[in-house]
Number of protein chains: 2
Amino acid sequence: MAVNFTVFEDFAVVKGVRIGVAQSAVRYKDRDDMVVFELAEGTEVAGVFTTNAFCAAPVHICRRNLEKASPRYLLINTGNANAGTGPKGFKNAELSCAMLAKATGVTAEQVLPFSTGVIGEPLNMEAFERGIPAALDNLSESNWARAGRGIMTTDTLPKGYSKQVEIDGKTVTITGLSKGAGMIMPNMATMLGFIATDASIPASVMQGWARKLADKSFNRITIDGDTSTNDSCVLMATGQSGVTITDGTSEAAIIFAALEEVFQVLAQAIVRDGEGATKFVTIDVESAASQKEALDVGYTVAHSPLVKTALYASDANWGRILAAVGRSGVQNFDLDKVQIYLDDVQIVEDGGRCDSYTEEKGAAVLAQSEFTIRIQLGRGDINERLWTCDLSHDYVSINADYRS
Amino acid sequence: MAVNFTVFEDFAVVKGVRIGVAQSAVRYKDRDDMVVFELAEGTEVAGVFTTNAFCAAPVHICRRNLEKASPRYLLINTGNANAGTGPKGFKNAELSCAMLAKATGVTAEQVLPFSTGVIGEPLNMEAFERGIPAALDNLSESNWARAGRGIMTTDTLPKGYSKQVEIDGKTVTITGLSKGAGMIMPNMATMLGFIATDASIPASVMQGWARKLADKSFNRITIDGDTSTNDSCVLMATGQSGVTITDGTSEAAIIFAALEEVFQVLAQAIVRDGEGATKFVTIDVESAASQKEALDVGYTVAHSPLVKTALYASDANWGRILAAVGRSGVQNFDLDKVQIYLDDVQIVEDGGRCDSYTEEKGAAVLAQSEFTIRIQLGRGDINERLWTCDLSHDYVSINADYRS
């Protein structure tokens, strides 16, 4: 069902990152469900987390631990989100960190916990007693593919990508994993992204880059408009390649562009594997007066059930797109300046139906599995791009039948 | 498919209102599709209209004409929304008013036009040449039921209601019609509401009442979160009952309460007949710090595809409700104060899963076709109530297959 999705197999090792994977039976048996990342000493780590006020216990602890110490381990479980679990959930997440810290000789603050799965059920701590040693037993630089499967929930396919660039004759590797099939699945919650590079990125730059990269990728995708309680994206830089980034240099720009590619491939993979998705849709909002209004317009179109069902039906229903633009809350909107295109086919000209538009032209674009909706507001020079999918019968089936 | 919906048959006549209905073939043949309301001289009229920036030509003209003159006629067509039709759409709407004005000897500004149906196609003016005289030919006080059918688009059932109250031994009648099955259907756009009373309501009170009544009814329903380009709600007071309202009196309170009942029944009927609806859901947001945050929370829950699919599945998925509350944008949210109930079953207590809650209790509530989700924020004393429905396979079918 995933849209133009190729499972990535050719993972490149990131020096300084080893990964362990185990079957801990947090919730399901006979599947990998616990993943440990081990980071070489000196690795810089930055995270971007959900804005949901009800963020899960592990998200709280990630944020806190990142302020307190340099992370040496990530501990990820699938099957249980440890969200909506109150003080006990908080203690359980801390306990899981302490267990991994004790087994490896680091402090509990040097462990970042990530959970994804059912909301509101207590974490099965016996699973951590089983899973942590088992994962540590098979730590390896080559476990990326297996880890990609080990963090899946409702994902139908594992999501990963590697990119290498040459800097001064040295190879810099970037490899990442993501998971998520709806923007939120509070039963099997969460979008997660883990991206590691063996470049050395200064601590002063890391957080800014992580935010910028997320804003060009994971923060620009939407399946159903819901924001998970557990969404987390982590950038890790081990520095083991011998290449050190200095902000503002051309080398920094090359690495940033490579990171951006990895972030975008991983984020787009979530949309391609979106629950019930049959279409992968890019939404470009151009000539907005501000980033906020560009995103308001883009998300209003991307979230409109009427637009999404029309996309599913390959129905170039320009009226639904226009109506969504109109209700997006843009102030003092001059409709006469609005142009809307489906790929290169103009459907709205100066706020009305484009004279040259025919349903046949529109239908031809929407018959494709991938296309772009381009909306020009004619108000300024701000552009934003985001990615979404359609709303199909399968989306309803997946989410209505999910827990049964 | 409609949820607990009884077609109202027992319409009470509103003195001073006559209605004509005709088959004009604006778009479809062999069905009533044009309705004319004739209002007695001296009738006070107030309207509440869509906030969509791309509002349709007839909405512009309604607003303008209401400022210019005292309306004597409403002219309603179904099958074509006359939206996204540019300057020509504007001229066509004015032309339709002029045609009715000429046939009845009033000015064009005394006619309010309403259109609902396909967006972006030119209005078929021949249909008005046929329909206006035909509708005028059968003007009658008793045409409410037929008019209710004549304004339908994707509605599966006609929507109407009457209420009578006694004031000083005199009977005041309130009768209304509504249409709409999605909050927006840019193909067959629009929620419309027409409510008439034979009470005399002072002009100074009318607009305030229309706004307040809409804010307790049509502005508190949502099916899919989309706001139509054509949404319009009109309150008409003919004064022919001999009862005159003075603002602030107990008689005014009685009439207002009766109007509120009619507005709410008509608004709720739209949700009950919502596209694909199988559940009718009341959302109460209590103890908010402001009306805005109460509505933000309510609508975020009501619009969440994950909540709506869970309701469809009769799955008391409290995690999805909690996550929607969490992402609704409330500032400085103290989660520990949040309580959530399904009818009388508490599912969230102090921000976490309620200890006494069981899935069986939740499932028993959701097995009903009607229930209430009550969310207490513990932040202030503002309460808001709105109504919505679930998201079913049929919603996708209706909206994906619609134009074919």
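Residues numbered from 1 in each chain as written. Chains lettered and ligands numbered in written order. Predicted model: local features only at pLDDT ≥ 70, side-chain atom pairs only at ≥ 80, totals over all residues. Heavy atoms only, no water.

Asker: I keep staring at the overall build of chain A and nothing clicks. Help me out?
Answerer: Each helix and strand in chain A was counted, giving 11 helices and 16 strands. In terms of C-alpha radius of gyration, chain A reaches 22 Å, essentially the compact-globule figure of 22 Å for 404 residues. Taken along the three principal axes of its C-alpha coordinates, chain A extends 70 × 55 × 35 Å. Here chain A holds 404 residues, and 63% of them are scored as buried. Considering only contacts within chain A whose residues lie at least 6 apart along the sequence, 81% involve residues at least 24 apart. When the accessible surface of chain A is split by element, carbon and sulfur atoms take 46% of a total near 14,000 Å². Mean positive and mean negative side-chain charge positions of chain A (36 and 50 charges, respectively) differ by 5 Å. (Helix = DSSP H or I, 4+ residues; strand = E, 2+ residues; numbered from the N terminus. Rg over C-alpha atoms; globule rule 2.2 N^0.38 Å. Buried < 20%, exposed > 50% of the residue type's maximum accessible area, 1.4 Å probe, protein only. Contact = heavy atoms within 4.5 Å. Areas by Shrake-Rupley, 256 points an atom, 1.4 Å probe, with all protein chains shown as cover. Lys, Arg positive; Asp, Glu negative; His and termini not counted. Charge placed at Lys NZ, Arg CZ, Asp CG, Glu CD.)

Asker: Would you take a moment to explain the sheet that holds strand E11 (residues 280-288) of chain B for this structure?
Answerer: Working definition: the strands of a sheet are paired by backbone hydrogen bonds and lie parallel or antiparallel to each other. Residue and element names in this part refer to chain B. Pairing is mixed in the open sheet, where seven strands are placed in the order E9-E16-E11-E15-E12-E13-E14. Strand pairing shows two members of the sheet lacking a second neighbour, strand E9 (221-222) and strand E14 (352-353), which therefore form its edges. Of the strand pairs in this sheet, strand E12 (residues 339-342) and strand E15 (residues 370-376) are connected by four bridges, and their pairing is antiparallel. Bridge assignment links Gln339 to a residue of E15, and that residue is Gln376. Against the sheet, helix H7 (residues 291-303) engages E9, E11, E15 and strand E16 (382-389), with an angle of about 20° to E16. (Pairing = 2+ DSSP bridges. Axes fitted to C-alpha atoms, helices over the stretch in contact; angles between N-to-C directions.)

Asker: Explain the nonpolar core to me, please; I cannot follow it from the model alone.
Answerer: Across soluble globular proteins, nonpolar side chains have a tendency to be buried as a group. Grouped together as the largest cluster of nonpolar side chains are 69 residues, with contacts concentrated most on Phe37, Phe114, Phe194, Ile195, Trp209 and Leu259 of chain A. The leading source of residues in this core is helix H6 (residues 250-272) of chain A, at 11 residues. Among the domains, domain 1 (17-272) and domain 2 (280-400) of chain A are the pair contributing at least three residues each to this core. Residue contacts for Trp209 of chain A: discarding those within four places in its chain leaves Ile201, Leu235, Ile245, Asp247, Ala252, Ile255, Phe256 and Leu259 of chain A. Among the nonpolar cores identified, the runner-up in size contains 68 residues, and Ile167, Phe194, Trp209 and Ile221 of chain B belong to it. (Core = buried A, V, L, I, M, F, W, Y, C linked by side-chain atoms within 4.5 Å. Domains from an automatic or database assignment.)

Asker: Sorry, what's going on with the environment of Asp32 of chain A here?
Answerer: Residue and element names in this part refer to chain A. Assignment of secondary structure puts Asp32 in the loop between strand E1 (17-22) and strand E2 (34-39). Along the chain, Asp32 and Thr78 lie 46 residues apart, while their C-alpha atoms are 8.7 Å from each other. If we ignore the near neighbours within four places in the chain, the residues touching Asp32 are Val21, Ala22, Gln23, Thr78, Arg146, Arg149 and Gly150. Within the structure, Asp32 has its side chain in polar contact with the side chain of Arg146 (distance 2.8 Å). (Polar contact = N/O pair within 3.5 Å; in protein donor to acceptor, adjacent residues only side chain to side chain.)

Asker: Explain the interface of chain B and chain A to me, please; I cannot follow it from the model alone.
Answerer: It is common to give the size of an interface as the accessible area lost on bringing the parts into contact. Of the residues lining the interface, 50 residues belong to chain B; the matching set on chain A comes to 50 residues. Here chain B packs against chain A, burying approximately 4,200 Å² in sum over the two surfaces, 61% of which is carbon and sulfur. Run the count over chain B and chain A and you get zero salt bridges. Here chain B and chain A share three residue pairs in polar contact (both at pLDDT 80 or more) between them. For the side of chain B that touches chain A, the secondary structure elements donating two or more residues are helix H8 (305-312), helix H9 (318-326), E14 and helix H11 (393-400) of chain B. For the side of chain B that touches chain A, the residue count by class is 24 nonpolar, 18 polar and eight charged. (Buried area = accessible area lost by both parts, 1.4 Å probe. Salt bridge = Lys/Arg side-chain N within 4 Å of Asp/Glu carboxyl O. Nonpolar A, V, L, I, M, F, W, Y, C, P; charged D, E, K, R; others polar.)

Asker: For this particular structure, what's the right way to read helix H11 (residues 393-400) of chain A?
Answerer: An α-helical turn contains 3.6 residues, so a residue and the one three or four places further along point in the same direction. For H11 of chain A, the complete set of buried residues consists of Tyr395, Val396, Asn399 and Ala400 of chain A. Projected onto a plane normal to the axis of H11 of chain A, the buried residues spread over an arc of 110° and lie on a single side. If you follow the buried residues of H11 of chain A, they end up packed against H8, H9 and H11 of chain B. For H11 of chain A, the N-terminal capping position is held by Ser392 of chain A, with its side-chain oxygen 3.1 Å away from the main-chain nitrogen of Asp394 of chain A. (Arc of directions from axis to C-beta.)

Asker: Please clarify how the sheet that holds strand E7 (residues 170-179) of chain A should be interpreted in this entry.
Answerer: Residue and element names in this part refer to chain A. The sheet built from five strands is open, its strands ordered E3-E10-E8-E7-E6 with mixed pairing. Looking at strand neighbours, the two that pair on one side only are strand E3 (44-49) and strand E6 (159-167), the edges of this open sheet. Along the sheet, successive strands turn relative to each other by an average axial angle of 10°, direction set aside. As defined by bridge partners, strand E8 (residues 192-197) adjoins strand E10 (residues 232-237) across six bridges and the pair is classed as parallel. Opposite Gly193, over in E10, you have Cys233 as the bridge partner. Sheet strands in contact with H6 are E6, E7, E8 and E10, and its direction is about 170° off that of E6.

Asker: What am I meant to see in helix H3 (residues 125-137) of chain A here?
Answerer: Residues and elements named next belong to chain A. Between its terminal C-alpha atoms H3 stretches 19 Å, which fits the 18 Å expected from 13 residues at 1.5 Å a residue. The largest bend in H3 amounts to roughly 25° and is located at Gly131, with the proline Pro133 lying one to four residues further along. Along H3, the positions that sit buried rather than exposed are Met125, Ala127, Phe128, Gly131, Ile132, Ala135 and Leu136. Where H3 is buried, its residues contact E1, E2, strand E4 (73-80) and helix H2 (86-104). The residue sitting at the N-terminus of H3 and contributing the capping side-chain oxygen is Asn124; that oxygen lies 3.1 Å from the backbone nitrogen of Glu126. (Expected span 1.5 Å × (residues − 1). Bend = angle between axes of the 7 residues up to and from the residue.)

Asker: I would appreciate a short explanation of the relation of the copies chain B and chain A in the present structure.
Answerer: The operation relating the two chain copies consists of a rotation about an axis and a shift along that axis. Of the two same-sequence chains, chain B is brought onto chain A (RMSD 0.0 Å, axial shift 0.0 Å) by a rotation of 180°. This pairing of chains is accounted for by a two-fold axis. Considering only C-alpha atoms, the residue of chain B closest to the rotation axis is His393 of chain B, which sits at 2.9 Å. Here 100% of the contact residues of chain B are again contact residues in chain A; the copies associate through an equivalent surface. (Least-squares fit on C-alpha atoms with pLDDT ≥ 70 in both.)

Asker: Can you walk me through the packing of helix H1 (residues 57-68) of chain B against helix H2 (residues 86-104) of chain B in this structure?
Answerer: When two helices pack together, their arrangement is given by the angle between their axes and by how far apart the axes lie. All names here are of chain B. At their nearest, the axes of H1 and H2 sit 8 Å apart, and the two run at 55° to each other. Comparing the axis directions of H1 and H2 gives the class oblique. Viewed along their axes, H1 and H2 form a crossing whose handedness is right-handed. Of H2, the residues touching H1 (which contributes Ala57, Pro58, His60, Ile61 and Arg64) are Gly89, Phe90, Ala93, Glu94 and Cys97. Considered class by class, the residues forming the contact of H1 with H2 number six nonpolar, two polar and two charged. (Parallel < 35°, antiparallel > 145°, perpendicular 65-115°, else oblique. Left-handed = near helix turned anticlockwise from the far one by under 90°.)

Asker: Teacher, can you tell me more about the side chain of Asp284 of chain A here?
Answerer: All names here are of chain A. Its place among the elements puts Asp284 in strand E11 (residues 280-288). You can call Asp284 buried: its relative accessible area is 8%. A distance of 2.7 Å separates a polar atom in the side chain of Asp284 from a polar atom in the side chain of Arg385. Ignoring any residue separated from it by four or fewer positions in sequence, one finds Asp284 in contact with Thr372, Ile373, Arg374, Ile375, Glu384 and Arg385.

Asker: Which parts of the structure should I look at to understand the domain arrangement of chain A?
Answerer: Residues and elements named next belong to chain A. Partitioning chain A into domains gives domain 1 (17-272) and domain 2 (280-400). Computed from C-alpha coordinates alone, the two centres of domain 1 and domain 2 are separated by 33 Å. Contacts between the two partners involve 13 residues from domain 1, matched on the other side by 15 residues from domain 2. Regarding the contact of domain 1 and domain 2, the summed buried area is about 1,200 Å², with carbon and sulfur atoms giving 56% of it. At the surface where domain 1 touches domain 2, the tally comes to two salt bridges. At the junction of domain 1 and domain 2, the tally comes to seven residue pairs in polar contact (both at pLDDT 80 or more).

Asker: Would you mind showing me how to read unusual backbone geometry here?
Answerer: Residue and element names in this part refer to chain B. Here the phi dihedral of Asn82 falls at roughly 45°; this positive angle occurs in a residue that is not glycine. Residue placement: Asn82 occurs in the loop between strand E4 (73-80) and H2. Using a relative accessible area of 0% as the deciding quantity, one classes Asn82 as buried.

Asker: Quick question: what am I supposed to make of the side chain of Thr85 of chain B here?
Answerer: Residue and element names in this part refer to chain B. By the element assignment, Thr85 lies in the loop between E4 and H2. In terms of polar contacts, Thr85 uses its side chain to reach the side chain of Asn82, at 2.8 Å. Not counting residues within four places of it along the chain, the set of residues in contact with Thr85 comprises Gly120, Glu121 and Pro122.

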